[in-house]
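# Observations on the three-dimensional arrangement
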Amino acid sequence: MEAAQLLLLRAAATAPGGLPSAQAAAMAKLACNEAGYFAANEALQIMGGMGFSEEITVQYCQRRTRGWMIAGGSVEILKTKIAEGVFRRRFSQRPADSPD
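The present account deals with the structure reproduced in this document. Here the structure is a predicted model, which is why all the values come from computation and not from measurement.

### Structural notes on helix α4 (residues 75–87)
Quick reminder: α-helices carry 3.6 residues per turn. Residues three or four places apart thus point the same way. Here α4 is 13 residues long and its end C-alpha atoms lie 18 Å apart, about the 18 Å a rise of 1.5 Å per residue gives. Structurally, α4 contributes buried residues whose contacts are with α2 (22–47). Taken from the residues just after α4, Arg88 is the one with a positive phi, measuring 55°.

Right under this line is the structure:
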């Protein structure tokens, strides 16, 4: 959780012109999504069946964190965006045409 928070703060602090780079934002979002989902999933595991009850906040956190992993770019898309920054090249999201 602390590592994710530090990546988020770094993205915000190094933002030129008020907006972080796509690379920094993708790294922060990926780390925060995975840390939040891991924490919610562990809480659900600890709570057992009671964690699915609507009276308990755990099920709400589980649903929200899973939704955040999809909304605004899936985890796989974020990993591709990070790889593009690391390798300094674009990766196509479309499958290659098959020769028929």
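### Quick word on the packing of helix α1 (residues 2–13) against α2
The axes of two packed helices give the description: the angle between them and the distance between them. Relative orientation of the contacting elements α1 and α2 amounts to 155°, with a least axis distance of 8 Å. In terms of orientation, α1 and α2 fall into the roughly antiparallel class. In this structure, α1 crosses over α2, and the sense of that crossing is left-handed. Between α1, through Ala4, Leu7, Leu8, Arg10 and Ala11, and α2, the contact on the second element is made entirely by Ala24, Ala25, Met27, Ala28, Ala31, Cys32 and Ala35. The residue inventory of the contact of α1 with α2, partitioned by class, reads 11 nonpolar, no polar and 1 charged.

### Quick notes on the packing of α2 against α4
Packing of α2 against α4 brings their axes to within 9 Å, and their N-to-C directions diverge by 140°. Seen along the crossing, α2 lies across α4 with a hand that is left-handed. Facing α2, whose interface residues are Ala22, Gln23, Ala26, Met27, Lys29, Leu30, Asn33 and Glu34, α4 presents Val75, Leu78, Lys79, Lys81, Ile82, Gly85 and Val86. Class assignment of the residues belonging to the contact of α2 with α4 gives a composition of 8 nonpolar, 3 polar and 4 charged.

### Quick word on the packing of aromatic side chains
By the definition in use, this model includes 1 aromatic pair. Their ring planes at 85° and their centres at 6.3 Å tell us that Phe87 and Phe91 sit as a pair that is edge-to-face. With a relative accessible area of 25%, Phe91 lands in the partly exposed category. Note that Arg66 overlies the ring of Tyr37, its terminal NZ or CZ placed 5.9 Å from the centroid.

### Structural notes on the nonpolar core
Formed by Ala26, Leu30, Met69, Val75, Leu78 and Ile82, the largest nonpolar core amounts to 6 residues. Elements with a minimum of two residues in this core: α2 and α4.

### Considering the pattern of salt bridges
With the rule as written, the count across this model stands at 2 salt bridges. In this structure, Lys81 engages Glu84 in a salt bridge whose closest nitrogen and oxygen atoms are separated by 3.8 Å. Placement of both Lys81 and Glu84 in helix α4 is noted, with a separation of 3 residues, approximately one turn of the helix. In this structure Lys81 comes out as partly exposed when scored by relative accessible area, which is 32%. Taking relative accessible area as the criterion, Glu84 reaches 11% and is therefore assigned buried. One network of salt bridges, in which partners are shared, links Lys81, Glu84 and Arg90.

Rules used throughout
Residues numbered from 1 in each chain as written. Predicted model: local features only at pLDDT ≥ 70, side-chain atom pairs only at ≥ 80, totals over all residues. Heavy atoms only, no water. Helix = DSSP H or I, 4+ residues; strand = E, 2+ residues; numbered from the N terminus. Expected span 1.5 Å × (residues − 1). Contact = heavy atoms within 4.5 Å. Axes fitted to C-alpha atoms, helices over the stretch in contact; angles between N-to-C directions. Parallel < 35°, antiparallel > 145°, perpendicular 65-115°, else oblique. Left-handed = near helix turned anticlockwise from the far one by under 90°. Nonpolar A, V, L, I, M, F, W, Y, C, P; charged D, E, K, R; others polar. Phe/Tyr/Trp six-rings, centres within 6.5 Å; stacked < 30°, edge-to-face > 60°. Buried < 20%, exposed > 50% of the residue type's maximum accessible area, 1.4 Å probe, protein only. Lys NZ or Arg CZ within 6 Å of the ring centre and 35° of its normal. Core = buried A, V, L, I, M, F, W, Y, C linked by side-chain atoms within 4.5 Å. Salt bridge = Lys/Arg side-chain N within 4 Å of Asp/Glu carboxyl O.

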